[in-house]
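# Close look at the chain arrangement
If you want the building blocks of each chain, they are given just below.
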Amino acid sequence: EAGVTQFPSHSVIEKGQTVTLRCDPISGHDNLYWYRRVMGKEIKFLLHFVKESKQDESGMPNNRFLAERTGGTYSTLKVQPAELEDSGVYFCASSQGLQRGEKLFFGSGTQLSVL
Amino acid sequence: AQTVTQSQPEMSVQEAETVTLSCTYDTSESDYYLFWYKQPPSRQMILVIRQEAYKQQNATENRFSVNFQKAAKSFSLKISDSQLGDAAMYFCAYAGSNYQLIWGAGTKLIIKP
């Protein structure tokens, strides 16, 4: 069974540029989550999709971040324009069910560096 | 708001020894889950163990066990017979009513051969 796939694994961009991160969840997983860890800080929730719908986007920091999940399969997270404080590791996770104790399957993350 | 605190930025243990990682949390909810996730150098977060707040019995998974003290809001992870492959960042996380995971800052575990 293929796991959660994220790409690119690393991205280095300049301030003001645009970057798009992609996440392919495990096939059949309706729930998809984005988290990020800014350097030296805790991992923070960004948003949660159920199929193609945004269930909870309360963690999105501002309108420079746009997440989509067309067709309920893969998801993209676009940052436009990128700022220095956006640097960090962006994690994607998926799960089949929606219960608090549900096991999340994580990708290896995208390390984003904004210079 | 819920918070999760891991007070040990780094811990080290001799191979084959036992180590305990600390985690405390704060919540006013009565129904929740607690997790320990491991992040090896590959960066992929892996679930180690989980505990439902309503279950009094401490969860165990092979060499990994927790000491869940609900009244004290403490959730420590004990790793027995430490192995080199256990070296990783360990994160404590909380899941309450809104399905978001609330994370601690992580503890880096070093295994000394």
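An account of the accompanying structure is given in this report. (Residues numbered from 1 in each chain as written. Chains lettered and ligands numbered in written order. Predicted model: local features only at pLDDT ≥ 70, side-chain atom pairs only at ≥ 80, totals over all residues. Heavy atoms only, no water.)

## A closer look at the state of the cysteines
Here a disulfide denotes a covalent bond joining the sulfur atom of one cysteine to the sulfur atom of another. For the structure shown, the criterion picks out two disulfides over all chains. Between the sulfur of C23(A) and that of C92(A) lies a disulfide, 1.8 Å long from S to S. Taking the sign of the S-S torsion, about -60 degrees here, the bridge from C23(A) to C92(A) comes out left-handed. Of the two residues, C23(A) is situated in strand β3 (residues 19-24) and C92(A) in strand β9 (residues 88-95); the sequence distance between them amounts to 69 residues. Accessibility assignment for this pair places C23(A) and C92(A) in one class, buried. C23(B) shares a disulfide with C92(B); S-S distance 2.0 Å. Looking down the S-S bond of the C23(B) and C92(B) bridge, the torsion is -70 degrees, so its handedness is left-handed. Taken together, the positions of C23(B) in the loop between β3 (19-21) and β4 (24-26) and C92(B) in strand β10 (residues 88-95) put the pair 69 residues apart, joining distant regions of the chain. There is no split in this pair, since C23(B) and C92(B) are both buried. (Disulfide = S-S within 2.5 Å. Helix = DSSP H or I, 4+ residues; strand = E, 2+ residues; numbered from the N terminus. Buried < 20%, exposed > 50% of the residue type's maximum accessible area, 1.4 Å probe, protein only.)

## Digging into the interface of chain A and chain B
Where the parts come together, the accessible area they lose is often given as the size of the interface. Taken together, the 25 residues of chain A in the interface contact 23 residues of chain B. Each partner contributes to the roughly 2,100 Å² buried at the junction of chain A and chain B, and carbon and sulfur atoms together form 54% of this total. When the buried surface of chain A facing chain B is broken down by residue, I43(A), R100(A) and F106(A) rank first, second and third, together holding 35% of it. Taken together, the links from chain A to chain B amount to zero salt bridges. Taken together, chain A and chain B are joined by ten residue pairs in polar contact (both at pLDDT 80 or more). Elements that contribute at least two residues to the side of chain A that touches chain B include exactly β4 (31-38), β5 (43-50), β9 and β11 (110-114) of chain A. Here the side of chain A that touches chain B gets three residues from one element, more than from any other, and that element is β4(A). Broken down by class, the residue content of the side of chain A that touches chain B amounts to nine nonpolar, ten polar and six charged. (Contact = heavy atoms within 4.5 Å. Buried area = accessible area lost by both parts, 1.4 Å probe. Salt bridge = Lys/Arg side-chain N within 4 Å of Asp/Glu carboxyl O. Polar contact = N/O pair within 3.5 Å; in protein donor to acceptor, adjacent residues only side chain to side chain. Nonpolar A, V, L, I, M, F, W, Y, C, P; charged D, E, K, R; others polar.)

## What to know about the pattern of salt bridges
Residues and elements named next belong to chain A. A complete count under the given rule lists six salt bridges over all chains for this structure. Between K15 and E83 there is a salt bridge, and its shortest N-O distance comes to 4.0 Å. Here K15, found in the loop between β2 (10-13) and β3, pairs with E83, found in the loop between β8 (75-79) and β9; they are 68 residues apart in sequence, far enough to count as distant. Exposure remark for E83: the relative accessible area of 22% places this residue in the partly exposed category. Note that D24 is salt-bridged to R22, the shortest N-O span being 2.7 Å. D24 sits in the partly exposed class, given a relative accessible area of 22%.

## Topic: the environment of A105(B)
Within the fold, A105(B) resides in the loop between β11 (101-103) and β12 (107-112). A C-alpha to C-alpha distance of 21 Å links A105(B) and A53(B), two positions 52 residues apart in sequence. When near neighbours in sequence (up to four residues on either side) are disregarded, A105(B) contacts R37(A), E42(A), Q6(B), M89(B) and F91(B).

## Brief notes about the sheet that holds β8(A)
All names here are of chain A. Taken in spatial order, the four strands make up an open sheet running β1-β3-β8-β7, and their pairing is antiparallel. Looking along the sheet, the strands with just one partner apiece sit at the ends: β1 (5-7) and β7 (65-68). Direction aside, the axes of adjacent strands within the sheet are offset by 15 degrees on average. Two elements, β1 and β3, share three bridges in a ladder whose sense is antiparallel. (Pairing = 2+ DSSP bridges. Axes fitted to C-alpha atoms, helices over the stretch in contact; angles between N-to-C directions.)

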